[in-house]
Amino acid sequence: GEDVEQSLFLSVREGDSSVINCTYTDSSSTYLYWYKQEPGAGLQLLTYIFSNMDMKQDQRLTVLLNKKDKHLSLRIADTQTGDSAIYFCAESIKGTYKYIFGTGTRLKVLA
Amino acid sequence: SAVISQKPSRDICQRGTSLTIQCQVDSQVTMMFWYRQQPGQSLTLIATANQGSEATYESGFVIDKFPISRPNLTFSTLTVSNMSPEDSSIYLCSVELGLAGGLTGELFFGEGSRLTVL
């Protein structure tokens, strides 16, 4: 079945870049997403990428997609303490309304 | 965008009791989704609620345990029945709206209802 995996924790220093990685199994996914969850809040869409793209940049965020290896990454440049949150990778299942979420990566930014 | 309000935001419940979570959306939507987020785990879809029909449950979830109502296009409830400590989790209500270009959707989530079952 479909599966999305992420590492659970990442710690970086303020001002450094953060790279959060994700692997997925469903090769038919047409879109992949990054959601952010701050403490006590629901998830909020950060960015998404179409499966025929290799890269997407949005201000401090860069998404890289390696479709051959089914690997997705999110790079946050100049990481700030406000970026501390849980980041979820997700894929939409083609032909359905379903999304498969990863376990989430808890990013901690050290001042 | 969509603004989703959930109540209660958190509760502590006794084993064997039931609790109903309410979800209110600020716009009319066809489908509403209920997710469970267990500690340290990913979000798992419980069911999809369409207005005017019975909810569609995912594998591992049944109506007797998680009855859902969808009386109109802006509101839904999820009941967690006969709770046990294993039901301690965050329950999230969600809707999907189209992104610009209409080729994919964006999920909007409520803030979640954190249930602790003793």
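Right above here is the structure, for reference.
Below is a summary of the structure that appears in this document. Quantities reported herein were computed from a predicted structural model and do not represent experimental measurements.

## What to know about the side chain of Gln 6 of chain B
Then step 1. Assignment of secondary structure puts Gln 6 of chain B in strand β1 (residues 4–7).
Then step 2. A polar contact is formed between the side chain of Gln 6 of chain B and the side chain of Ser 113 of chain B, at a distance of 3.0 Å.

## Quick word on the interface of chain A and chain B
Then step 1. Tallying the contact residues gives 17 residues for chain A and 23 residues for chain B.
Then step 2. Across the chain A/chain B interface, buried area totals approximately 1,700 Å², and carbon plus sulfur atoms make up 57% of it.
Then step 3. Looking only at chain A, the three residues that lose the most surface to chain B are Tyr 97, Tyr 99 and Phe 101 of chain A, adding up to 35% of its buried area.
Then step 4. A salt bridge links Lys 98 of chain A to Glu 58 of chain B; its shortest N-O distance comes to 2.9 Å.
Then step 5. Of all the elements in the fold, those that place two or more residues in the side of chain A that touches chain B are β4 (31–37), β5 (43–50) and β10 (99–101) of chain A.

## Overview of the pairing of strand β3 (residues 18–24) of chain A
Residues and elements named next belong to chain A.
Then step 1. By the alternation rule, side chains of β3 split into Ser 18, Ile 20, Cys 22 and Tyr 24, which are all buried, and Val 19, Asn 21 and Thr 23, of which none is buried.
Then step 2. Sheet topology places strand β1 (residues 4–6) next to β3; three bridges connect them, and they run antiparallel. Bridge pairing in β3 links Val 4 to Tyr 24.
Then step 3. Inspection of the sheet shows β3 paired to strand β8 (residues 71–76) by six bridges, in the antiparallel sense. What sits directly across from Ile 20, in β8, is Leu 74.

Cut-off values and rules
- Residues numbered from 1 in each chain as written.
- Chains lettered and ligands numbered in written order.
- Predicted model: local features only at pLDDT ≥ 70, side-chain atom pairs only at ≥ 80, totals over all residues.
- Heavy atoms only, no water.
- Helix = DSSP H or I, 4+ residues; strand = E, 2+ residues; numbered from the N terminus.
- Polar contact = N/O pair within 3.5 Å; in protein donor to acceptor, adjacent residues only side chain to side chain.
- Contact = heavy atoms within 4.5 Å.
- Buried area = accessible area lost by both parts, 1.4 Å probe.
- Salt bridge = Lys/Arg side-chain N within 4 Å of Asp/Glu carboxyl O.
- Buried < 20%, exposed > 50% of the residue type's maximum accessible area, 1.4 Å probe, protein only.
- Pairing = 2+ DSSP bridges.

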